[in-house]
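For reference, the chains in residue letters:
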Amino acid sequence: CANGPAAFAEVKATTAASVHGNTRDLKDRYADRVGQVVNMVAANQPNGGFWVGAGGVLITLEDGTVVGAVGVSGGSADEDEHCGVTAAHNAGFSTSPAKGKI
């Protein structure tokens, strides 16, 4: 699907903003509760989806105030997350995660 990466990126950003955290931590938090993850994803379909995996980065000010989120898709999970973190840092923001895995 040609719109896949863009659509995935949007869902990653929306999820990070909704949970006030990054989507890799969300994946790790629910790794042993697959049924609950399926329910969260299904419940959020009318709202555009819900992403449980790396690539959604929370953007904050230095004091922790949430100002938004960025989602990246098209590479590996680690590459997506790295690009989001790097972009936010280059724009002068803090992020969750503080740095990518790469």
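Definitions and limits used
- Residues numbered from 1 in each chain as written.
- Predicted model: local features only at pLDDT ≥ 70, side-chain atom pairs only at ≥ 80, totals over all residues.
- Heavy atoms only, no water.
- Helix = DSSP H or I, 4+ residues; strand = E, 2+ residues; numbered from the N terminus.
- Rg over C-alpha atoms; globule rule 2.2 N^0.38 Å.
- Buried < 20%, exposed > 50% of the residue type's maximum accessible area, 1.4 Å probe, protein only.
- Contact = heavy atoms within 4.5 Å.
- Areas by Shrake-Rupley, 256 points an atom, 1.4 Å probe, with all protein chains shown as cover.
- Lys, Arg positive; Asp, Glu negative; His and termini not counted.
- Charge placed at Lys NZ, Arg CZ, Asp CG, Glu CD.
- Pairing = 2+ DSSP bridges.
- Axes fitted to C-alpha atoms, helices over the stretch in contact; angles between N-to-C directions.
- Patch = residues over 30% accessible without salt bridge, like charges linked within 9 Å, V, L, I, M, F, W, Y side chains within 5 Å.
- Salt bridge = Lys/Arg side-chain N within 4 Å of Asp/Glu carboxyl O.

## Observations regarding the overall build of the protein chain
Thought 1: The secondary structure content of the protein chain amounts to four helices and three strands.
Thought 2: The C-alpha atoms of the protein chain give 13 Å as radius of gyration, which agrees with the globular expectation for 102 residues (13 Å, within 12%).
Thought 3: When each of the 102 residues of the protein chain is scored for burial, the buried share is 35%.
Thought 4: In the protein chain, 61% of the contacts between residues at least 6 apart in sequence involve partners at least 24 apart.
Thought 5: A total accessible area of about 5,700 Å² is found for the protein chain, and carbon and sulfur atoms account for 54% of it.
Thought 6: Positive and negative side-chain charges of the protein chain, numbering 7 and 10 respectively, have mean locations separated by a distance of 6 Å.

## Notes on the sheet that holds strand β3 (residues 94-96)
Thought 1: Across the sheet, three strands lie side by side as β2-β1-β3; this open sheet has antiparallel pairing. At either margin of the open sheet sits one strand with a lone partner, and together these are β2 (66-71) and β3. Pairwise comparison of adjacent strand axes, ignoring direction, gives a mean angle of 30 degrees for this sheet.
Thought 2: Pairing between strand β1 (residues 56-60) and β3: three bridges, direction antiparallel. Looking at β3, one finds that I59 is bridged to T95.

## Side note on the environment of P5
Thought 1: Relative to the assigned elements, P5 resides in helix α1 (residues 4-19).
Thought 2: Along the sequence, P5 and A88 sit 83 residues apart, while their C-alpha atoms lie 19 Å from each other.
Thought 3: Setting aside chain neighbours within four positions, we find P5 in contact with S73 and G74.

## Re a nonpolar patch on the surface
Thought 1: On the surface, L61, V67 and F93 cluster together into a nonpolar patch covering about 220 Å² of accessible area.
Thought 2: Residue position: V67 is located in strand β2.

## A short note on the pairing of β1
Thought 1: Most of β1 sits inside the fold, with five of its five residues counted as buried.
Thought 2: Where β1 lies against β2, five bridges are found, and the strand directions are antiparallel. Residue pairing for β2: V57 is matched across the bridge by V70.
Thought 3: Hairpin connection from β1 to β2: five residues lie between these consecutive antiparallel strands, with G64 at a positive phi of about 95 degrees.

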